[in-house]
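# What the coordinates show
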Amino acid sequence: MAIYRFRVTFEDYEDVYREIDMPSKSTFLDLHTQIQKSTGYDQERSSSFYVSNDQWKKGTEIAYLPNDRKKAAGVLIVEDVRLSKFIDDPHQKFYYTYNFDRPYDFHVELIKILKEEEGKEYPALFKKVGEAPRNLTAANFPVTADDEDDDDFVPEDAEEYGVDEEDDYDMFDDEEGEESEGESNKSNEDEY
């Protein structure tokens, strides 16, 4: 059986990528699952693969948890479509959008077609470079050990934005004293 090696790169973080080996009989759901396992993101978010050209232009959509509008339009569903159905090029590209609420976009490119290695389990993470950016979603703010240390605490009496209560707010007054309100308005009217 053929094994597809995909390089999955964050569109906005090109120095962060994963190389994932997938059997040719795998579905797009299997690829979605492996990408999420390699990044540590929640797998249960609405996402889509798009068959793409060399310029990453989106073509046919293959969706995970599609909304009603997409279902009515007859969108392809990830669990129903094998990867091999859309591999027409030895460097086939897919544009992948994860989590439409707070999206991350990925470039998924086929970089090698290999022979299955005896005794090796697939799908497999072949290479991991860089840490995936933290994924903050509207309904799910993950808390890690780093988040529990509240190093950013600012006491209420601390200076805020470089201004404290003792600063003189009269810095715009005339040096010889304040103008009366009537004179100030009169001079402004004459200027216009």
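The structure we're discussing is the one just above.
Here is what the cut-offs are and how they apply
- Residues numbered from 1 in each chain as written.
- Predicted model: local features only at pLDDT ≥ 70, side-chain atom pairs only at ≥ 80, totals over all residues.
- Heavy atoms only, no water.
- Phe/Tyr/Trp six-rings, centres within 6.5 Å; stacked < 30°, edge-to-face > 60°.
- Helix = DSSP H or I, 4+ residues; strand = E, 2+ residues; numbered from the N terminus.
- Buried < 20%, exposed > 50% of the residue type's maximum accessible area, 1.4 Å probe, protein only.
- Lys NZ or Arg CZ within 6 Å of the ring centre and 35° of its normal.
- Pairing = 2+ DSSP bridges.
- Contact = heavy atoms within 4.5 Å.
- Axes fitted to C-alpha atoms, helices over the stretch in contact; angles between N-to-C directions.
- Salt bridge = Lys/Arg side-chain N within 4 Å of Asp/Glu carboxyl O.

### Overview of the packing of aromatic side chains
Counted under the stated rule, the structure contains 14 aromatic pairs. Measuring from centroid to centroid gives 5.2 Å for Phe 28 and Phe 94, while their planes differ by 80°, and the two rings are edge-to-face. Taken together, the residues span a long stretch of sequence, with Phe 28 in helix H1 (residues 28-39) and Phe 94 in strand S6 (residues 93-98) at a distance of 66 residues. In terms of burial, Phe 28 and Phe 94 fall into one category: buried. Directly above the ring of Phe 126 sits Arg 5, whose terminal nitrogen or CZ lies 3.4 Å from the centroid.

### Here's the deal with the sheet that holds strand S7 (residues 104-115)
Strand order in this open sheet of eight strands is S5-S4-S3-S6-S7-S1-S2-S8, and the pairing throughout is mixed. Because the sheet does not close on itself, it has two edges, and the strands there are strand S5 (76-77) and strand S8 (124-129). Two strands pair when backbone bridges link them, and strand S1 (residues 2-10) and strand S2 (residues 17-23) are joined in this way by seven bridges, in the antiparallel orientation. Within S2, the position partnered with Val 8 by the bridge is Arg 18. The sheet contacts of H1 involve S1, S2, strand S3 (47-52), strand S4 (58-64), S6, S7 and S8, and relative to S2 the element is tilted by about 145°.

### Topic: the side chain of Ser 26
Note on placement: Ser 26 falls in the loop between S2 and H1. Overall, the relative accessible area of 5% leaves Ser 26 in the buried class. Beyond its immediate stretch of four places on either side in the chain, Ser 26 contacts Val 81, Arg 82 and Leu 83.

### Describing the pattern of salt bridges
Enumeration according to the criterion identifies seven salt bridges in this entry. Sharing partners across several salt bridges, the network here consists of Arg 5, Asp 21 and Lys 120.

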